[in-house]
Amino acid sequence: MSETATLKVWRGRDKVDGRYETHEVPFEPGQSVLDGLRWIRVHKDPTLAIRYSCINANACKECMMELDGKTVYACTARLEPRAMTIEPLSNKKLVRDLVTEIAPPAERFAIKDK
Amino acid sequence: MSTEPMRVETDVLVIGSGAAGMYAAIEVARAGPRVLLVDRSLIGRGGATVMAQMTVAVALGDEAPDHWSHHYQDTLTAGRGLCNEALARLLTEHGPDCIREMEDWGVGWARKDGKITSAFAPGHDRPRCVYVDFLNTGPAVSKTLRSALYRFKEVCRAGDLCVVDLLKSDGEVTGAVAWHMGSGAPVVISAKATIVATGGLTRLYRRNSASANMGGDGYALSLRAGAPLIDMEFVQFFPIGHLAPRLIGMDPIMWDPFRYKLGGKLLNNRGEEFTQAYGVPEDGKYVITRDVGTYAILKEVEAGRGSPHGGAFLSFQHVPEAKLREAFGPVIDRLAANGIDLTKMPIEVAPIAHYHMGGVQADVRMETEVPGLIVAGEAVGGANGANRLSGNAITEALVFGRQAGRTAAERAKIMQAPSPADARATLDLLRGEVRRDAPNTAEMIQSLQAIMADDVGPLRNEAGLKRALTRIGELDAMLGERPFDKGEPFDLTRLDWLDLRTMLCVARAVTQAALNRTESRGAHQREDFPGMLPEWHVNQTIRLNDGRIDISQTKAAVEMAAQ
Ligand SMILES: Cc1cc2nc3c(=O)[nH]c(=O)nc-3n(C[C@H](O)[C@H](O)[C@H](O)COP(=O)(O)OP(=O)(O)OC[C@H]3O[C@@H](n4cnc5c(N)ncnc54)[C@H](O)[C@@H]3O)c2cc1C
Ligand code: FES
């Protein structure tokens, strides 16, 4: 059988009220964690929220999240054929799933909190 | 989720915060009017600008003599007769000014003996490309403009705002409707002038060099607002995009700087150099232009001489290790971490979608046919004709951005606040609907990228282009009239749906224009119509009439000499 990475992904809109979802992702050497998350969107569940722009170049610096409790760029963290836990940044305001509010306040749209 | 829109009002709305949008915002603010700069991603991070690696073409003449007219001539030659000469002139003549202003803002162009130094890039008649550091030009350009913006209080900046439609009242563009990704709420923006600086369309293709935000939004926004597009068939492929072995955390166009510095050899699977068979002997230098390079590699693959993954080999094995390290120090270690030792092995490269020559039709003031709608940067079509020179795109973004800002500021000063536009259709769209058999939108985007890569890539033919049109139509039907989700915060199915609406429209424009042009020129190569024909010395213009794409043709300019 071909190898897989087991991604345990945090989902939800509220930090206290979230849940983990586990997905088996086909593993090939030379893939990033972001590749794995994008695979989930295309093959399993397109509603998974992730923030990224440049995909490979590590230029936009938008894809920060926590992998096994450590802050990483999802596009430079290697996907590995083992269980990996992926959570949103714990020190930033949560938007949804793996997306947090990371823009400096001066570059955010001022919207009234509902 | 409430769908009650937020309403905001400004003098000038700038859509997109790449080099073009940020320069435009600065220029408006300097003239006085208020600016709202929005981006679907974060400010200064989501586009191609921050990804650019090295070259910025400009006839600065600091290190060695140069004049903009030489740069202009090279641009026209590379454009294979189709450049809008007035735009090419604007780009080349005003480039030096913007480059010096960037220097004043602290970008830090590389210097030698105190002078700003230039590198040679293919297609230029002399070393003409300034840079910050071999891999850092784009990030430096972006950061410089982003910091410069902080000095202007009149500029509001807002990320996570994806513009969905432009708004019109009395035949003029008077703002836009955006979807705020952070909250899921619609936002109605009213403005006296609107600048579209949304960059290119490379995301239409499976293998591309740019970001997830480059689905051609500005082309679709403008087209739907009634502004024509031009030269849409000319998509630039970057010949030596990284193909194999797989690499993490590296830009796929990373080999370009290596080639600038060290030449490198392009080889087929027999280990032979092949570019001379396509009219360009390289002799260890990097001289092949992008259109010819792309063509040569794909033809070698077609003839069965490609590399295992379907490209060509790029080899630096003849370069001594010390020299490699001197040129690329830390990059060599990052390659080693990916199992690549350039002294022992070649890597595989293949063409990758990179830049769009076509775009919204504009005059030298960056005004479109629709009053109130101004464009800037890669969103503008015409300056580079059928093929762009390396380094021209950043300069284009800076120069066109600055000009767009000036034009918008002038307009904002004489216009009254516009009467409220009717935003109902877009707001209605953003309400979405529940659909039981909803398709996977992320998968649909992949399908579209496959269609475009397989049938509307650099080598085209009638059967393939027709097949692509049929399949684009099928995806259109699958997409339906409205997003099928609740539009929650950062709902990527919602974003995918909006992106598909845009990408399908733009894909159709590219494909239809490519099918029409029965000749081969620059980045558009028809296998069934090889060779450039005098009767095709025309630009194709695209309009949307009742949802249908109409194409008309106008004679391209006769070359005039630059004074
Ligand atoms: C990897 C790479 C390397 C390159 N290297 C070079 C080089 O060395 N030299 C050179 O001259 N050129 C280079 N180019 C090309 C050059 O970078 C681009 O043409 C140029 O930066 C475009 O600038 P722009 O401001 O027009 O658009 P971009 O920088 O692409 O910015 C467009 C912005 O608009 C935003 N946007 C898009 N749609 C919407 C919407 N609907 N609502 C709100 N915001 C939206 C995007 O998020 C993005 O931030 C390179 C391109 C790439 C991809
Ligand atoms: S996706 Fe851009 S840095 Fe990771």
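Attention in this report is confined to the structure presented alongside it. Predicted model, so just to flag it, every value in this text is computed and none were measured.

Cut-offs applied
Residues numbered from 1 in each chain as written. Chains lettered and ligands numbered in written order. Predicted model: local features only at pLDDT ≥ 70, side-chain atom pairs only at ≥ 80, totals over all residues. Heavy atoms only, no water. Helix = DSSP H or I, 4+ residues; strand = E, 2+ residues; numbered from the N terminus. Pairing = 2+ DSSP bridges. Axes fitted to C-alpha atoms, helices over the stretch in contact; angles between N-to-C directions. Contact = heavy atoms within 4.5 Å. Buried area = accessible area lost by both parts, 1.4 Å probe. Salt bridge = Lys/Arg side-chain N within 4 Å of Asp/Glu carboxyl O. Nonpolar A, V, L, I, M, F, W, Y, C, P; charged D, E, K, R; others polar. Expected span 1.5 Å × (residues − 1). Buried < 20%, exposed > 50% of the residue type's maximum accessible area, 1.4 Å probe, protein only. Near = heavy atom within 4 Å. Polar contact = N/O pair within 3.5 Å; in protein donor to acceptor, adjacent residues only side chain to side chain. Areas by Shrake-Rupley, 256 points an atom, 1.4 Å probe, with all protein chains shown as cover. 1 Å grid on protein atoms, 1.4 Å probe; cavity = no way out; pocket = protein on both sides within 12 Å on 5 of 7 lines; lining within 4 Å. Sits in = over half its atoms within 2 Å of the grid points. Points joined across faces, edges and corners; volume = space filled by probe spheres on them.

### Here we look at unusual backbone geometry
All names here are of chain B.
Okay, step 1: In this chain, Ala-244 is followed by Pro-245 through a cis amide linkage whose omega measures -10°.
Okay, step 2: Relative to the helices and strands, Pro-245 resides in the loop between β14 (235-244) and α6 (255-262).
Okay, step 3: Its identity as a non-glycine residue notwithstanding, Arg-80 has a phi of 50°, on the positive side.
Okay, step 4: Turning to its location among the elements, Arg-80 is positioned in the loop between α2 (68-78) and α3 (85-104).
Okay, step 5: At Phe-490, a residue that is not glycine, the phi angle is positive and equals roughly 50°.

### Some points on the sheet that holds strand β5 (residues 83-87) of chain A
Residues and elements named next belong to chain A.
Okay, step 1: Spatial ordering of the open sheet is given by β2-β1-β5-β3-β4, a layout of five strands whose pairing is mixed. At either margin of the open sheet sits one strand with a lone partner, and together these are β2 (19-26) and β4 (70-73). Averaged over all adjacent pairs, the angle separating strand axes in this sheet is 35°, with direction ignored.
Okay, step 2: Here strand β3 (residues 64-67) runs beside β5; their pairing, made up of two bridges, is antiparallel. Its bridge partner lying in β5, Leu-67 is registered against Ile-86.

### Some details on the interface of chain A and chain B
Okay, step 1: Facing 44 residues of chain A, the contacting portion of chain B comprises 48 residues.
Okay, step 2: Both faces combined, the contact of chain A with chain B buries some 3700 Å², and carbon together with sulfur accounts for 56% of it.
Okay, step 3: Considering only the surface of chain A that becomes buried against chain B, Val-42, Glu-107 and Phe-109 of chain A emerge as the three largest contributors, covering 21% of it.
Okay, step 4: On inspection of chain A and its partner chain B, the count reaches six salt bridges.
Okay, step 5: Where Arg-246 of chain B meets Asp-35 of chain A, a salt bridge forms, and the shortest distance between an N and an O atom there is 3.1 Å.
Okay, step 6: Residue assignment for the side of chain A that touches chain B shows that the elements contributing at least two residues are α1 (33-43) and β6 (94-96) of chain A.
Okay, step 7: The biggest single contributor to the side of chain A that touches chain B is α1 of chain A, with four residues.
Okay, step 8: Looking at the side of chain A that touches chain B residue by residue, the classes come out as 22 nonpolar, nine polar and 13 charged.

### Digging into the sheet that holds strand β9 (residues 161-169) of chain B
Residues and elements named next belong to chain B.
Okay, step 1: The strand order across the open sheet built from four strands is β1-β11-β10-β9, with neighbouring strands paired in mixed fashion. Only two strands of the sheet have a single partner each, and these edge strands are β1 (6-9) and β9. Direction aside, neighbouring strands of the sheet carry axes that sit 25° apart on average.
Okay, step 2: The sheet contact formed by β9 and strand β10 (residues 172-180) spans seven bridges and is antiparallel. Note that in β10 the partner of Cys-162 across the bridge is Trp-179.
Okay, step 3: On top of the sheet, helix α13 (residues 492-516) reaches β9 and β10; it is set at about 50° to β9, its chief contact.

### Overview of α13 of chain B
Okay, step 1: With 25 residues, α13 of chain B ought to run about 36 Å at 1.5 Å a step, and its terminal C-alpha atoms sit 35 Å apart, in line with that.
Okay, step 2: Counting buried residues in α13 of chain B gives 21 out of 25 residues, a clear majority hidden from the surface.

### As for the site of ligand 1
Residues and elements named next belong to chain B.
Okay, step 1: Taken together, 41 residues sit near ligand 1, with Asp-39, Thr-49, Thr-55, Asp-217 and Glu-378 positioned nearest.
Okay, step 2: A distance of 3.2 Å is found between an oxygen atom of ligand 1 and a backbone nitrogen or oxygen belonging to Gly-391.
Okay, step 3: For ligand 1, an oxygen atom lies 3.1 Å from a polar atom in the backbone of Ala-393.
Okay, step 4: Within the complex, the protein chains bury 99% of what would otherwise be the 1000 Å² of accessible surface of ligand 1.
Okay, step 5: If you map ligand 1 onto the pockets, it falls in the largest cavity.
Okay, step 6: The element contributing the most residues to the shell around ligand 1 is helix α9 (residues 392-414), with four residues.
Okay, step 7: Residues that form the shell around ligand 1 fall into these classes: 18 nonpolar, 17 polar and six charged.

### Let's talk about the layout of surface pockets
Okay, step 1: If you add up the space inside the largest pocket, you get close to 1300 Å³.
Okay, step 2: Lining the largest pocket are 39 residues, with Asp-35, Arg-38 and Asn-56 of chain A together with Arg-206 and Arg-246 of chain B positioned closest to its centre.
Okay, step 3: Within the residue set of the lining of the largest pocket, elements represented by two or more residues are α1 of chain A together with β14 and α11 (441-455) of chain B.
Okay, step 4: Sorting elements by how many residues they give to the lining of the largest pocket places α1 of chain A first, with six residues.
Okay, step 5: Among the residues forming the lining of the largest pocket, the class breakdown is 20 nonpolar, ten polar and nine charged.
Okay, step 6: Space inside the second largest pocket adds up to approximately 620 Å³.
Okay, step 7: Elements with a minimum of two residues in the lining of the second largest pocket: β9, α10 (424-429), α12 (462-479) and α13 of chain B.
Okay, step 8: When residues in the lining of the second largest pocket are grouped by element, the largest group, five residues, is from α13 of chain B.
Okay, step 9: In terms of residue class, the lining of the second largest pocket is built from ten nonpolar, three polar and nine charged.

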